[in-house]
Amino acid sequence: MDILRRIRRTVRVQKYRISSHANEEMSDDEIEARDIESIIFTGKVARRFTRDPRGTRYEVIGDTTDGRRGGVVCRLRPSGVLLIITAMQKKNKKGDRCEFCDGNVEHRLVRARFHFKGQTIYVDNVPAWVCARCQERYFDAAVYKRLEAIALRRGHIRKTVRFPLADYGKVLTGNV
Ligand SMILES: [Zn+2]
């Protein structure tokens, strides 16, 4: 059986282990366990590190659950457990550009303003593609649907944010 099939089989039966080193890298790059699985199920073995006396390490590059490129470095232990040594986000091959200004688009967590049926809500920690030049945001399908689901339950939102409201005609005269 080829190595990728063996790696996938351990993931399918949840026989993998994530190191705390990988956990830190994953947190920095917003990669969750389900992304590790997605990368391995969709990916290919991109590199083999064969010089390690403990056995070969493999880097698998594939897609995260939200459509980013991700890499997982792992090793199959003699016990049959797959050890996840590290994982990180990879640059998108195409280098997504902004539709409106052609700026660079980066994946970030943002406070999103979301409109739904004439109402506006703000949602923190939303994964989004953000244009570095004009700040336009793009939401992946699953993220957008989740924002809709949150907006439907807006009656359950306990926290509110307040913004200063100025009057354009009065703002420079002292009292607004
Ligand atoms: Zn832009």
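All figures in this text were calculated on a predicted structure; none of them were measured in a lab. (Residues numbered from 1 in each chain as written. Predicted model: local features only at pLDDT ≥ 70, side-chain atom pairs only at ≥ 80, totals over all residues.)

1. Comments concerning the nonpolar core
Phase 1 of the analysis: Judged by nonpolar contacts, the single largest core of 16 residues is most densely connected at Val72 and Ile84.
Phase 2 of the analysis: Those elements giving two or more residues to this core turn out to be α1 (3–12), α2 (20–28), α3 (33–42), β3 (57–63), β4 (69–76) and β5 (82–90).
Phase 3 of the analysis: Every residue in contact with Val72, bar those within four places of it in the chain, is listed here: Ile36, Ile39, Ile40, Val60, Ile84 and Ala87. (Core = buried A, V, L, I, M, F, W, Y, C linked by C-beta atoms within 7 Å. Buried ≥ 20, exposed ≤ 12 C-beta atoms within 10 Å, placed from the backbone. Helix = DSSP H or I, 4+ residues; strand = E, 2+ residues; numbered from the N terminus. Contact = placed C-beta atoms within 7 Å.)

2. As for the domain arrangement of the protein
Phase 1 of the analysis: Examined at the domain level, the protein breaks down into domain 1 (3–90) and domain 2 (105–154).
Phase 2 of the analysis: On a C-alpha basis, the centroid separation for the pair domain 1 and domain 2 is 29 Å.
Phase 3 of the analysis: If you look at the interface, domain 1 gives four residues, while domain 2 gives six residues.
Phase 4 of the analysis: Split by residue class, the side of domain 1 that touches domain 2 holds no nonpolar, one polar and three charged. (Domains from an automatic or database assignment. Nonpolar A, V, L, I, M, F, W, Y, C, P; charged D, E, K, R; others polar.)

3. Notes on the packing of α1 against α3
Geometry of a packed helix pair, given as the angle between the helix axes and the separation of the axes.
Phase 1 of the analysis: Relative to each other, α1 and α3 sit at 150°, their axes nearing to 9 Å. Where α1 crosses over α3, the two elements pack in a sense that is left-handed. Within the contact between the two elements, α1 uses Ile7, Arg8 and Val11 and α3 uses Glu37, Ile40 and Phe41.
Phase 2 of the analysis: Counted by class, the contact of α1 with α3 contains four nonpolar, no polar and two charged residues. (Axes fitted to C-alpha atoms, helices over the stretch in contact; angles between N-to-C directions. Left-handed = near helix turned anticlockwise from the far one by under 90°.)

4. What about the environment of Ile150?
Phase 1 of the analysis: Here Ile150 is to be found in helix α4 (residues 141–152).
Phase 2 of the analysis: According to the C-beta neighbour criterion, Ile150 is partly exposed, with 17 such atoms within 10 Å.
Phase 3 of the analysis: Spatially, the C-alpha atom of Ile150 lies 31 Å from that of Val11, the residues being 139 residues apart in sequence.
Phase 4 of the analysis: If near-sequence neighbours (up to four positions away) are discounted, Ile150 is found in contact with Ile121 and Val123.

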